[in-house]
Amino acid sequence: MNDDRAGEIERLDHGRSGVLGLGTTLRWFRDPLAVMGRLADEQGPVAGFRIGMFPAVLVTGPAEINEVLVSRAAEFRRARAVTGTLWPALREGLIISEGEVHRTQRAMVAPLFTARRVPKYVDVMATRMHTHLRKWQAAGEVDLLAGVQEMMHDVVAGLLIDEPLDAHRDVVEAATRIFDWEMRAMSRPIVAPLNIPTKRNRDFIQDLALVRDWAARAIDARRRNPGRHDDIVSAMLAQRDRDGAPMSEDRLVDEVINLWAAAHETSADAMFWTAYALSRHPAIAESAAAEAIRVLGDATPTAEDLGQLPYCLQVFKESMRLYPPSPAFLREAASETRIGGYAIAEGTIVFIAPYVMHRSARQFPDPETFDPDRFAQEADRSWERLSYLPFGAGEHVCIGSALALLEGQIFTALLLAGGTLRVDRDAAMKLTINLRPKREARAIYLPRQVSSRGRSRIEVSEPR
Ligand code: HEM
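Residues numbered from 1 in each chain as written. Predicted model: local features only at pLDDT ≥ 70, side-chain atom pairs only at ≥ 80, totals over all residues. Heavy atoms only, no water.

## Quick look at the coordination of the iron atom of the ligand
For the iron atom of the ligand, the protein supplies a single donor, Cys398 (SG), at a distance of 2.3 Å. Among the structural elements, Cys398 can be located in the loop between α15 (384–387) and α16 (401–418). (Donors = N, O, S within 2.8 Å, 3.2 Å for Na, K, Ca; no water. Helix = DSSP H or I, 4+ residues; strand = E, 2+ residues; numbered from the N terminus.)

## Concerning the sheet that holds strand β13 (residues 442–447)
Read across the sheet, three strands follow the order β5-β13-β10 without closing on themselves; strand pairing throughout is antiparallel. Two strands in the sheet have a free side with no partner beyond their single neighbour: β5 (141–143) and β10 (419–423). Going across the sheet, the axis of each strand differs from the next one's by a mean of 30 degrees, ignoring polarity. Bridge count between β10 and β13: five bridges; the pairing is antiparallel. Residue pairing across strands places Val423 opposite Ala443, the latter belonging to β13. Sitting on the sheet, helix α6 (residues 122–139) touches β5, β10 and β13, and the angle it makes with β13 is about 100 degrees. (Pairing = 2+ DSSP bridges. Axes fitted to C-alpha atoms, helices over the stretch in contact; angles between N-to-C directions. Contact = heavy atoms within 4.5 Å.)

## Considering the site of the ligand
Residues in close proximity to the ligand total 27 residues, the closest being His102, Arg106, Arg331, His396 and Cys398. His102 is positioned with one of its side-chain polar atoms (N or O) 2.6 Å from an oxygen atom of the ligand. Within the side chain of Arg331, one N or O atom sits 2.8 Å away from an oxygen atom of the ligand. By residue number, the principal contributor to the shell around the ligand is helix α11 (residues 249–280), which donates six residues. Classifying every residue of the shell around the ligand gives 16 nonpolar, seven polar and four charged. Of the domains in this structure, domain 1 (1–90 + 327–358) and domain 2 (91–326 + 359–457) are the two that each give at least three residues to the shell around the ligand. (Near = heavy atom within 4 Å. Polar contact = N/O pair within 3.5 Å; in protein donor to acceptor, adjacent residues only side chain to side chain. Nonpolar A, V, L, I, M, F, W, Y, C, P; charged D, E, K, R; others polar. Domains from an automatic or database assignment.)

As structure tokens, this is what we get:
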């Protein structure tokens, strides 16, 4: 460890290993959110524990998280357990790559998603979301998670390849199965390695081939007809690295799959929890609906409208505070190092948990209360940079954060301007890779009532 404060550093107790430590491991796989909360309560911002034989540390304080992700990021790498599991699907794309490959790819892909550039996608997002919301209303009732997942597949397809989703139904189904395979592999202590030909593994390999082949064809079509499409795949084809070279075919395919994976699941979960929180907080839904109706009426938002929808954005941000779609992400100590005042051995698994930090009374007054005013423009938000991390921080910070904020703001405004959504019951949370509801949540989406004088009336329900 290269540090002149090494003398002040304590060893971190990881608890018992072997059979006696099995209890924590089993509890971890059964309910990691509860285990994380308990560890942080008992031990503070740097908490030691074990997963099986492996020493692990849960990091939940803003300063300590900043050490791992930003100020001493070089001493931590992506966790091998994660990169090994996700490699067959994601390969050398941004989500799991590191070092020079990551830096070169990021320098080419990130500029396509800057806050200046993404408003050009508002139309695609708004039109596609609007169509899905109308479908929910026509159906009367919707399985909310399935509904937002379908909607976000359509939005992401629109952004990446500028084509209707219906033409790619088999690809969406394969991509969904691939993600489920990954979720399962990440949230179970033991899974059959890919070289064992179980039915699940054979289907996974077949699905991967189908998705890669589809991505290669989409890239090829755009390469042969430059200028015909205005979408992200075309924009990636036009990117050049420092030496003026384009991305190789394999890297392009990897990035299409990485972007789809990164953009879809997190965003769908964010929309789910936003709709859910609004249905549980009718007074807040009413205020946001008043803003949305005043600005949009029956129209879909344009980029110019967004500046007039600040409260809808606050609602979305607050929903990601209480329900961060990426509640915890992993690193691994690349060498002997430290976090806060604790020595950390090489290879220790490091869980960064915004979920716990976002719900800590040390960071947020009244942390369990859903209160979008925390994000009001006039409020002191100096805490936001360190204590609010739905998109992570440092060299791997989400490249899609500006896009995701627009998606969330547009979704909130369209949902509320169009009507009232009621979810049938409390949705308990579960952690897979993302934050998901434990059980199916059905929702009724009632159209906005227009009174005889032509003014909108907003229907609200009280929480049960
Ligand atoms: C509400 C929606 C989203 C949330 C909460 C979210 C969250 C995150 C988080 C926490 C990370 C960092 C993980 C880590 O440090 O290990 C990340 C990385 C990433 N996100 Fe997002 N994301 C969202 C939407 C998107 C969208 C729309 C895109 C597409 C452009 C995207 C693309 C990526 C990529 C490519 C990375 C890897 C970046 C790197 O390692 O350099 N995300 N995201």
